[in-house]
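# Per-entry structural report
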Amino acid sequence: MDELEIVVLGCGSIGTALLQGLLKKGNPRYTYVAHVNTALSAERIESELESEARQRVVITYGQDKIVHAVANADVVLLGVQPQTLPKLLDSQGLVDTLQDKTIISMLAGVSVSQILDMLVAKSTSTGRANREAFTVARIIPTLGATRGNSVTLLAEPSESDTADRFRRVEKILSQCGSVIRVEESVMNSATAIGAVVHALAIVAVDSVTDASVAAGVPRSVAAAIASQSLNSASGLLSGKDRMLPEHLKAAMSTPGGITLNAVVDLDDSARSGIAAAVKAAVKYANRMND
Ligand SMILES: NC(=O)c1ccc[n+]([C@@H]2O[C@H](COP(=O)([O-])OP(=O)(O)OC[C@H]3O[C@@H](n4cnc5c(N)ncnc54)[C@H](OP(=O)(O)O)[C@@H]3O)[C@@H](O)[C@H]2O)c1
């Protein structure tokens, strides 16, 4: 299906990133609604969208406009904070309106089953709906979506998904980056891994830049080298023909060379810290919404 109306219900940091990515790289026949809670956030979205893209997005806000916002949606991307979801679903008529839509949840730490439980509990119009009345997919995109470079985790089809709908979700998301299918049972751990790698990239660029400036290199030069080297290395380590870390290490290592000496230093000083950060993040992600 080419023409789709996609509603981002809760269009904050990550919702806006996905919206921008889809506007830049997605099917030009898609149209969008971005719905937020406050007028201030609506203004923010307005200012962040380029004027041509702006024409394809209806921006709405406020509790009383939610049902109207999703009324014609084919796909509803849920982008509110997990603790806000119960209140959002209490909006008069919303749950009933969602019954014929494909719902894609971006909520970290919230399972498809938990969302289905909430939807069923809050459905009202024709008596209580059963779980089959709803289609829910679960994703974790990254802010790279804004440049068409998201690494989106997509939980394998849930009890509420058909194969066709699942492929449609995958197709939409692949328009703003890569999509990695993950068993839902490891979705929280996979989310933690992505978060730690982003944290590592932040710390790597920041600390390498500071240390380089301390060693006398101009800040702009140091920052450019750090960020672009990260980009270059990740290009070699990713994609279909990616190099394994040990192959890249061997290719860059001459006896007594700078790279291998740096690897040996980092093995000593950083590897155990990184492993500890991954363990802690996985633990945190699995308990996030307890
Ligand atoms: N940030 C990330 O990198 C990231 C990555 C993957 C997944 N996630 C998940 O994505 C979700 C959103 O994260 P975020 O960082 O984008 O949060 P955020 O910036 O706080 O965005 C939340 C959005 O929800 C809106 N909202 C709140 N209450 C609402 C209501 N009653 N009706 C309609 N909209 C409402 C807010 O509008 P107002 O601003 O007007 O209040 C805001 O636009 C979270 O569940 C998070 O776990 C985030």
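The structure presented is a predicted model; accordingly, all values stated were derived computationally and were not measured.

We now examine the side chain of T142. Within the secondary structure layout, T142 lies in the loop between β6 (135-140) and β7 (150-155). If we ignore the near neighbours within four places in the chain, the residues touching T142 are I14, N149, S150, V151 and H198.

With that out of the way, let us pick up the environment of V33. On the secondary structure map, V33 appears in strand β2 (residues 31-36). Owing to a relative accessible area of 6%, V33 belongs among the buried residues under this scheme. Note: C-alpha distance between V33 and V76 (43 residues apart in sequence) is 9.3 Å. When residues no more than four places from it in sequence are discounted, the contact partners of V33 are E5, I6, V7, V8, V58, T60 and A69.

Okay, the pairing of strand β5 (residues 102-105) next. Both faces of the sheet carry side chains from a regular strand, because those side chains alternate between them. Burial along β5 is two-sided: the face carrying T102 and I104 and the face carrying I103 and S105 are both buried. The pairing of strand β4 (residues 75-78) with β5 spans four bridges and is classified as parallel. Of the residues in β5, the one forming a bridge with V76 is I103. Of the pairings in the sheet, the one linking β5 to β6 comprises four bridges and is parallel in character. Residue pairing across strands places S105 opposite R138, the latter belonging to β6.

As a further point, take the domain arrangement of the protein chain. Here the protein chain is partitioned into domain 1 (5-182) and domain 2 (191-287). Taking only C-alpha atoms into account, the centre of domain 1 sits 33 Å from that of domain 2.

Attention now goes to the site of the ligand. I14, T38, S41, V80 and Q81 are the nearest of the 24 residues found near the ligand. Here an oxygen atom of the ligand sits 2.5 Å away from a polar atom, N or O, in the side chain of S41. At 3.0 Å from an oxygen atom of the ligand is found a main-chain nitrogen or oxygen belonging to A108. Here the ligand, which alone exposes 900 Å², has 78% of that area covered by the protein. The set of elements that each furnish at least two residues to the shell around the ligand consists of α1 (13-25) and β2. For the shell around the ligand, the residue count by class is 13 nonpolar, eleven polar and no charged.

What follows covers the nonpolar core. For soluble globular proteins, nonpolar side chains are generally found buried alongside one another. Ranked by internal contacts, the top residues of the largest apolar core, which has 32 residues, are I6, L19, Y32, V57, L77 and I139. Of all the elements in the fold, those that place two or more residues in this core are β1 (5-9), α1, β2, α2 (39-48), β3 (57-61), β4, β6 and α8 (163-173). Top contributing element to this core by residue count: α1, with five residues. Residues I66, L85, L98 and A129 belong to the second largest nonpolar core, which totals 27 residues.

The rules behind these values
- Residues numbered from 1 in each chain as written.
- Predicted model: local features only at pLDDT ≥ 70, side-chain atom pairs only at ≥ 80, totals over all residues.
- Heavy atoms only, no water.
- Helix = DSSP H or I, 4+ residues; strand = E, 2+ residues; numbered from the N terminus.
- Contact = heavy atoms within 4.5 Å.
- Buried < 20%, exposed > 50% of the residue type's maximum accessible area, 1.4 Å probe, protein only.
- Pairing = 2+ DSSP bridges.
- Domains from an automatic or database assignment.
- Near = heavy atom within 4 Å.
- Polar contact = N/O pair within 3.5 Å; in protein donor to acceptor, adjacent residues only side chain to side chain.
- Areas by Shrake-Rupley, 256 points an atom, 1.4 Å probe, with all protein chains shown as cover.
- Nonpolar A, V, L, I, M, F, W, Y, C, P; charged D, E, K, R; others polar.
- Core = buried A, V, L, I, M, F, W, Y, C linked by side-chain atoms within 4.5 Å.

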